[in-house]
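# Report on the structure
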Amino acid sequence: MSEPVLKVDNINVYYGSIHAIKGISFEVYEGEIVTLIGANGAGKSTTLNTISGLLHPTTGSVSFLGESLAKVAPHKIVERGLAQVPEGRRVFAQMTVRENLEMGAFTQNDDISADMEKVYTLFPRLKERMYQTAGTLSGGEQQMLAMGRALMSRPKLLMLDEPSMGLAPILVEQIFEIIADLHRNGATILLVEQNAQMALSIASRGYVMETGRITTTGTGQELLASEEVRKAYLGG
């Protein structure tokens, strides 16, 4: 098998005296959607924040495209091709849609108009609202903008943190269709999501996290069919 795009090896992460992540290891290979599922507080977002350099593991290592990310600044990690769409969207509320997308391209030194067109093709709503300030968009539109902004950095790995949070069911379906579409077009995706049913239905592989540990792993379909996972996360 080829080298993984992302390799997380036995990381431990603390918040002060709280042991948030307890020796987890996993890989993401090119062209996969890998999902981390689990209850609130399981450590999913902490894992993403550690990969993107916002938090630092006490032990263990994170490597991306075969190179260690230890001591690499978060903006340099983005330059290497790893983009995170944060939980809660965090768009620049006072800026227009277009300015937000331009901010996403801060790592690019060449013409970004083709990237902009790609984002507008994927999210026609953003094109309609190009000159509207981001703070006036609906929750679903802000989620699309946050994803579009991350795509402007031309990521080799896109990390999505709770993309469906706080959205109406019809918008959740729309966001997941877009994620599946990105994947069909070759994107490699690491997805953190509380909607386990939706996440596993599009995932190549999944990892179940409980209180900072990975307890179960399998293909998306295996985890969907697992009685334990169904009982704990799918309301079955």
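Calculation rules
- Residues numbered from 1 in each chain as written.
- Predicted model: local features only at pLDDT ≥ 70, side-chain atom pairs only at ≥ 80, totals over all residues.
- Heavy atoms only, no water.
- Axes fitted to C-alpha atoms, helices over the stretch in contact; angles between N-to-C directions.
- Helix = DSSP H or I, 4+ residues; strand = E, 2+ residues; numbered from the N terminus.
- Parallel < 35°, antiparallel > 145°, perpendicular 65-115°, else oblique.
- Left-handed = near helix turned anticlockwise from the far one by under 90°.
- Contact = heavy atoms within 4.5 Å.
- Nonpolar A, V, L, I, M, F, W, Y, C, P; charged D, E, K, R; others polar.
- Pairing = 2+ DSSP bridges.
- Buried < 20%, exposed > 50% of the residue type's maximum accessible area, 1.4 Å probe, protein only.

### Observations concerning the packing of helix 6 (residues 139–151) against helix 7 (residues 169–184)
Interhelical geometry of helix 6 versus helix 7 gives an angle of 15 degrees and a closest axis separation of 10 Å. Taken together, the axes of helix 6 and helix 7 lie roughly parallel to each other. Seen from above, helix 6 lies across helix 7 with right-handed handedness. Note on element contacts: helix 7 touches helix 6 through Leu171, Gln174, Ile175, Ile178, Ile179 and Leu182, opposite Gly140, Gln143, Met144, Met147 and Leu151. Residue classes in the contact of helix 6 with helix 7 are distributed as eight nonpolar, three polar and no charged.

### Description of the sheet that holds strand 1 (residues 6–15)
Each strand in a sheet pairs with its neighbour through backbone hydrogen bonds, running either in the same direction (parallel) or in the opposite one (antiparallel). If you trace the four strands from one edge of the open sheet to the other, you get 2-1-4-5, paired in antiparallel fashion. Sheet topology places strand 2 (18–28) and strand 5 (67–68) at the edges, where each strand pairs with a single neighbour. Relative to strand 4 (residues 59–64), strand 1 runs antiparallel, the two sharing five bridges. By the bridge assignment for strand 4, Asn12 is matched with Thr59.

### Side note on the pairing of strand 9 (residues 205–210)
Counted residue by residue, strand 9 has five buried out of six residues, so it is predominantly covered. Where strand 3 (residues 33–37) and strand 9 come together, four bridges link them in parallel fashion. Bridging across to strand 9, Thr35 finds its partner in Gly206. Joining the antiparallel neighbours strand 9 and strand 10 (residues 213–219) is a turn of two residues, in which Thr211 adopts a positive phi near 35 degrees.

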